[in-house]
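Here is what each chain is made of, one letter per residue.
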Amino acid sequence: MSRSKRCPWVVGLGIGLLIGAGGGSCRAQEKGPGNLSPPVSVPTSAVLARRLEAARDYIQAGSWAEAARALQALLDLEEDVLVPVRRPETGDILWRGIRTEAERILSGLPAPGRDVYETIYGPQAQALLAAARRKGDMGLLDEVARCYFPTAAGGEATRQLGLHYLDRGRFDLAALYFARLLDRADTRRLPPAALLASALAFRLAGDESRAARAWHRLAVRAPLGVRLGDQFVSLEELEKELARLQAAAPGSSSRPGWALFRGSASRSGEGAGTVVQLEARWTEPTIREALTRHWVEIAVQQEGQSRPVLPASFPIVVGGKVIYRSYRGIHAVEGRTGKLEWESALEWTFDRLARELRYQPYLDSWVAGYLQNNPQVLFENSILGTLSSDGVRVYAVEDLAVPPYPFRYPPTGRRWGPVAEPFYGPELTDAARHNRLLALDVASGKLLWQAPSPLPLSLSEKGEQSVPLSPSEKGEQSVPLSPSKGERVRVRGGSRSNGSPLHDSFFLGPPLPHGGRLYGVLEKDQELHLVCLDAARGDLLWTQTLVVPMNRLQLDVGRRIQALHLACADGILVCPTNAGVILGVDLCRRSLAWAYFYREEEPLPPEGAIGGRWGRSVPRVLPRLRADWKSAGPVLVGDKVIVTAPDSGSLHCLDLQSGALVWKAERTEDDLYLAGVHAGKAVVVGKHGCRALALADGKQVWSVEVGLPSGQGMIVEGVYYLPLKAALPEKRPAICAIDLERGAVVRRIMSPRGEVPGNLVFCEDGVFSQTVDAVTAYPPKGDTDRED
């Protein structure tokens with residue numbers, strides 16, 4: 001429930017903030033950390049920044065009522081904006097959300113100030129809390145906790161939200177609210193039952209450190225035990241009950257799997273099991289059409305002449321099923337036998353485009369453009385190649401498998417303004433201007449919902465009735481994206497008319513499931529927005545503007561094929577943008593926690609650009625199409641964030657709570673991707689070997705040459721299993737096992753038939769590899785003699 005209009009925000013170019021004497025806009029002028037001045041726009045507001053400064057002045061003068069009103073107005077904002085905050089210990093400037101700063105200032109007021117704030121806003125918060133209880137309105141309860149947290153009613157609303165999600169088995173969300181509650185200054189007033197509930201929530205969410213702290217507080221407050229209703233229970237009995245509930249919690253004894261890219265919400269998961277030989281138990285091709293195979297083989301051959309061929313498709317394992325993306329759609333097979341469970345043919349896959357003759361002229365032109373200098377586009381689309389799942393549904397982005405080649409570019413150094421949109425026919429043109437998010441049932445593959453939802457059917461200009469799309473000849477479920485089949489929409493001004501923020505937008509990767517909600521980043525009208533969706537229905541719950549890139553997505557193919565993998569830990573959602581800045585979002589406060597700018601300037605236009613139609617340039621090499629880091633995404637470990645953005649030439653280590661730079665290491669010419677973090681070391685895979693950087697200071701700990709990689713591997717019990725196309729010294733396909741403590745190769749598992757392994761997933765059901773053109777299963781340890 002929103003009680004205020006969306007705050008108008010303006011963009012600032014740079015890191016500092018210069019507040020003018022008047023007006024409602026601001027532009028950054030002074031340099032920030034690292035003297036960066038990236039050409040990227042972030043949400044700022046001079047009016048709101050002056051209001052924050054005025055509140056500080058009121059506090060200095062002891063005008064508590066005026067300070068409370070100024071700060072509460074900032075808490076009431078529907079969307080957050082960023083303000084610069086200078087760190088007193090270093091003098092560096094950090095960007096923080098203005099709502100986060102307002103709450104921090106309110107919570108730190110001296111006792112007279114807190115009393116005045118409670119007097120002014122306590123009754124209002126209490127009335128909203130009573131209304132939320134009476135109506136059973138969780139949205140209103142969340143508003144009380146978010147907008148009036150410093151009040152007594154705000155603390156009570158936070159406690160009730162924690163209990164609500166704990167009772168419903170959404171332990172991650174419950175832990176977030178209890179963590180926020182225990183951070184309040186008045187935690188000594190919490191009843192023992194609240195401390196007990198918080199300890200249980202932390203345990204069930206897997207946060208053992210917070211669980212131990214909550215239990216210690218409980219032991220201090222109630223050393224003999226806790227009264228629950230009419231029964232008094234000792235701490236010893238409570239400890240046994242907590243252990244029983246933890247063991248019986250959903251997921252504690254369920255079949256382990258690998259439901260996300262890099263395995264967990266923090267993107268720091270490690271696998272289970274091991275591989276003993278590369279004798280395939282089963283193999284499924286991912287290409288069906290001959291023309292698709294022909295083009296992909298040419299692309300792989302051209303790319304392999306000078307660079308490693310690294311596929312961008314990663315399988316997931318859910319409930320014993322291996323679910324993967326092919327050039328035809330999404331498929332689920334039984335992990336041990338390879339038996340097909342279900343498959344869902346999608347509308348704009350490479351196979352389907354290659355099969356339809358009416359698309360051939362456009363597809364030929366696009367493919368020819370990419371094959372000239374960027375053949376990796378045909379197999380390195382991680383937005384399509386990665387999937388995510390919450391165990392019930394699998395989520396995937398549906399978009400054109402081959403993005404239209406951008407033949408026209410704007411002048412250098414200017415924001416791309418309106419240009420004549422190319423026309424590829426009604427279906428392809430519509431598909432080129434947006435994509436959508438799909439939610440499929442894990443058990444059956446049935447489409448449960450899509451975002452945006454289909455617009456209402458209407459008659460065409462000639463009054464014809466639209467006809468639903470029929471199943472394909474083999475009975476697979478076909479999911480249309482274009483309104484030409486299955487739905488008809490009226491187009492005005494080149495876009496479909498609808499007020500939803502999800503329509504005419506681009507999802508930039510599969511969402512991150514967390515606590516019954518989905519978090520993803522989409523681009524609409526050249527703005528990147530964080531969106532929170534209901535996982536069961538796909539309904540939009542809230543949005544937060546993140547950044548405005550300099551380039552529109554339709555003309556920036558690099559960003560259109562490089563997925564934004566969000567990561568979450570300790571209530572902070574880390575949001576990459578691939579546009580020079582990464583942001584942290586506080587999920588409980590629904591506010592911007594911080595922003596870190598890592599890129600100094602926009603790259604210059606590519607060399608060798610030639611003139612094209614309409615007086616614009618046709619580049620021989622598209623800007624930012626070749627990522628500095630492959631399959632990039634933040635990795636969260638402890639209180640640190642490791643960032644390897646595709647548009648950055650460095651590896652950055654940030655503080656999770658503040659976004660402050662801890663250290664930075666320059667990327668070497670050999671580096672390809674961040675393999676993961678283990679035992680205080682960040683492991684980086686290069687074109688010829690691996691190296692490890694100390695998580696404490698970024699200094700290199702060890703390096704080892706292993707050969708040419710062919711995909712991303714996995715960390716299992718302190719060993720990194722790296723797939724190789726040419727393992728040293730034989731230069732044959734293999735999987736190399738590297739001891740991460742010593743930086744030594746402990747084993748090479750050679751491929752007996754010369755088959756090259758791809759991106760690896762290790763779990764108890766086996767070891768699964770996805771290459772450019774196939775998915776293969778290798779038997780787990782101890783199961784090599786089993787007959788399928």
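Only a predicted model underlies this, so the values are computations on that prediction, with no experimental measurement involved.

Chemist: Please explain the sheet that holds strand β32 (residues 650-655) as it appears in this structure.
Modeler: To summarise the sheet geometry, strands pair through backbone hydrogen bonds and adopt either a parallel or an antiparallel arrangement. Across the sheet, which stays open at both edges, the four strands sit in the order β30-β31-β32-β33 with antiparallel pairing between neighbours. Sheet topology places β30 (635-637) and β33 (661-666) at the edges, where each strand pairs with a single neighbour. The mean angle between the axes of side-by-side strands here comes to 15°, regardless of whether they run parallel or antiparallel. The pairing of β32 with β33 spans five bridges and is antiparallel. Residue pairing for β33: His652 is matched across the bridge by Lys664.

Chemist: Before we go on, may I ask you to explain the packing of helix α8 (residues 192-204) against helix α9 (residues 208-221) in this structure?
Modeler: For any two helices packed against each other, one specifies the crossing angle of their axes together with the interaxial distance. Interaxial distance between α8 and α9 falls to 8 Å at its minimum, and their mutual angle equals 160°. With respect to α9, the axis of α8 lies roughly antiparallel. The interaxial crossing formed by α8 with α9 has left-handed handedness. Here Pro192, Leu195, Leu196, Ser198, Ala199, Phe202 and Arg203 of α8 come into contact with α9, specifically with Glu208, Arg210, Ala211, Ala214, Trp215, Arg217, Leu218 and Arg221. Classifying every residue of the contact of α8 with α9 by side-chain character gives nine nonpolar, one polar and five charged.

Chemist: I keep staring at the nonpolar core and nothing clicks. Help me out?
Modeler: In a soluble, globular protein the nonpolar side chains are often hidden away together inside. Counting 143 residues, the largest nonpolar core has Leu166, Phe350, Leu363, Phe507, Leu530, Leu546 and Leu573 as its most contacted members. Those residues in contact with Leu530 that sit more than four places away from it in its chain are Tyr519, Gly520, Trp542, Thr543, Gln544, Leu546, Leu566, Leu573, Cys575 and Val585. Ranked by size, the runner-up nonpolar core spans 24 residues in total, among them Val317, Val322, Leu760 and Phe768.

Chemist: Sorry, what's going on with the sheet that holds strand β7 (residues 282-285) here?
Modeler: What the four strands build is an open sheet, ordered β7-β45-β44-β43; its pairing is antiparallel. Looking at which strands have only one partner, the edges of the open sheet turn out to be β7 and β43 (759-763). Here the strands of the sheet are splayed against their neighbours by 15° on average, with no regard to which way each runs. Across five bridges, the pairing between β43 and strand β44 (residues 766-770) is antiparallel. Each bridged residue has a counterpart across the sheet, and for Leu760 the counterpart in β44 is Ser769.

Chemist: Please clarify how the side chain of Ser389 should be interpreted in this entry.
Modeler: Turning to its location among the elements, Ser389 is positioned in strand β12 (residues 388-389). Side-chain polar atoms of Ser389 contact the backbone nitrogen of Gly391, separated by 3.0 Å. Only 2.8 Å separates the side chain of Ser389 from the backbone oxygen of Arg393, close enough to count as a polar contact. The contact partners of Ser389, leaving out residues within four places of it in the chain, are Ala259, Leu260, Ile316, Val318, Val394, Tyr395, Val442 and Pro513.

Chemist: Looking at this model, I keep getting lost on helix α2 (residues 64-75). Mind explaining?
Modeler: Within an α-helix, residues lying three or four positions from one another point in the same direction, as the helix has 3.6 residues per turn. With 12 residues, α2 extends 16 Å from end C-alpha to end C-alpha; this agrees with the ideal 16 Å at 1.5 Å per step. The complete set of buried residues in α2 reads Ala67, Ala68, Ala70, Leu71, Gln72, Leu74 and Leu75. Turning to α2, the residues buried within the fold contact α1 (46-61), α3 (98-107), α4 (111-135) and α5 (138-147).

Chemist: Any chance you could explain the side chain of Arg436 here in plain terms?
Modeler: Locating Arg436 in the fold gives a position in strand β14 (residues 436-441). Although Arg436 is buried, it makes no salt bridge; Glu398 carries the closest opposite charge, 5.0 Å away.

Chemist: Please clarify how the environment of Glu279 should be interpreted in this entry.
Modeler: Topologically, Glu279 is positioned in the loop between α10 (235-248) and β7. By relative accessible area, which is 29% here, Glu279 ends up partly exposed. On a C-alpha basis, the gap between Glu279 and Tyr778 in space is 6.2 Å, while along the polypeptide they are 499 residues apart. Residues within four places of Glu279 in sequence aside, it is in contact with Pro752, Arg753, Ala777, Tyr778 and Pro779.

Chemist: Even after reading the chapter, I still don't get the state of the cysteines, so can you show me in this structure?
Modeler: Here a disulfide denotes a covalent bond joining the sulfur atom of one cysteine to the sulfur atom of another. Counted under the stated rule, the structure contains zero disulfides. Residue Cys575 stays outside any disulfide, its sulfur separated by 9.1 Å from that of Cys568, the closest cysteine.

Chemist: I would appreciate a short explanation of unusual backbone geometry in the present structure.
Modeler: Apart from glycine, the bulk of residues carry a negative phi angle, and the bulk of peptide bonds sit in the trans form. Residue Ala451 is joined to Pro452 through a cis peptide bond whose omega torsion reads 0°. The omega angle of the peptide bond from Leu728 to Pro729 is 5°, so this bond is cis rather than trans. You can see Pro729 is positioned in the loop between β40 (719-727) and β41 (732-739). The residue Arg590 is not glycine, and still its phi comes out positive at about 55°. As for its position among the elements, Arg590 is in the loop between β26 (581-586) and β27 (591-597). Note on Arg590: relative accessible area 18%, which makes it buried.

Chemist: Explanation requested: helix α6 (residues 152-167) in the structure shown.
Modeler: In this model, α6 (16 residues) spans 23 Å end to end at C-alpha, consistent with the 22 Å of a helix rising 1.5 Å per residue. Within the sequence span of α6, burial applies to Ala153, Gly154, Gly155, Ala157, Thr158, Gln160, Leu161, Gly162, His164, Tyr165 and Leu166. Residues of α6 that are buried make contact with α4, α5, α7 (171-182), α8 and β21 (517-524).

Chemist: For this particular structure, what's the right way to read the pattern of salt bridges?
Modeler: Close approach of charged atoms allows side chains of opposite charge to pair. For the structure shown, the criterion picks out 35 salt bridges. The shortest N-O distance in the salt bridge between Glu241 and Arg244 comes to 2.6 Å. With a gap of three residues between them, Glu241 and Arg244 both fall in helix α10, about one helical turn apart. With a shortest N-O distance of 2.8 Å, Asp539 and Arg537 are connected by a salt bridge.

Chemist: Got a minute to help me understand the pairing of β14 in this structure?
Modeler: Regular strands show a simple pattern: their side chains alternate between the two faces of the sheet. Counting buried positions over the six residues of β14 gives six, a clear majority of the element. Here β14 shows two buried faces, one formed by Arg436, Leu438 and Leu440 and the other by Leu437, Ala439 and Asp441. Here strand β13 (residues 393-398) runs beside β14; their pairing, made up of six bridges, is antiparallel. In the strand pairing of β14, Tyr395 is matched with Ala439. Note: β14 against strand β15 (residues 447-451), four bridges, orientation antiparallel. Along β15, the bridge assignment pairs Leu438 with Gln450. A loop of five residues connects β14 with β15, the two strands running antiparallel in sequence, and Gly445 in this loop sits at a positive phi of about 80°.

Chemist: Got a minute to help me understand the packing of aromatic side chains in this structure?
Modeler: To describe a pair of aromatic rings, one takes the distance between the centres and the angle between the planes. Applying the stated rule across the entire model yields 15 aromatic pairs. A ring pair is formed by Tyr121 and Tyr148, whose centres lie 6.4 Å apart and whose planes are at 40°; its orientation type is tilted. With Tyr121 in helix α4 and Tyr148 in the loop between α5 and α6, this pair connects stretches of sequence that are 27 residues apart. Accessibility assignment for this pair places Tyr121 and Tyr148 in one class, buried. Measuring from centroid to centroid gives 6.0 Å for Tyr327 and Phe350, while their planes differ by 50°, and the two rings are tilted. You can see Tyr327 sitting in the loop between β9 (321-325) and β10 (329-334) and its partner Phe350 sitting in helix α12 (residues 350-355), a full 23 residues away along the chain.

What counts, and at which threshold
Residues numbered from 1 in each chain as written. Predicted model: local features only at pLDDT ≥ 70, side-chain atom pairs only at ≥ 80, totals over all residues. Heavy atoms only, no water. Pairing = 2+ DSSP bridges. Helix = DSSP H or I, 4+ residues; strand = E, 2+ residues; numbered from the N terminus. Axes fitted to C-alpha atoms, helices over the stretch in contact; angles between N-to-C directions. Parallel < 35°, antiparallel > 145°, perpendicular 65-115°, else oblique. Left-handed = near helix turned anticlockwise from the far one by under 90°. Contact = heavy atoms within 4.5 Å. Nonpolar A, V, L, I, M, F, W, Y, C, P; charged D, E, K, R; others polar. Core = buried A, V, L, I, M, F, W, Y, C linked by side-chain atoms within 4.5 Å. Buried < 20%, exposed > 50% of the residue type's maximum accessible area, 1.4 Å probe, protein only. Polar contact = N/O pair within 3.5 Å; in protein donor to acceptor, adjacent residues only side chain to side chain. Expected span 1.5 Å × (residues − 1). Lys, Arg positive; Asp, Glu negative; His and termini not counted. Salt bridge = Lys/Arg side-chain N within 4 Å of Asp/Glu carboxyl O. Disulfide = S-S within 2.5 Å. Phe/Tyr/Trp six-rings, centres within 6.5 Å; stacked < 30°, edge-to-face > 60°.

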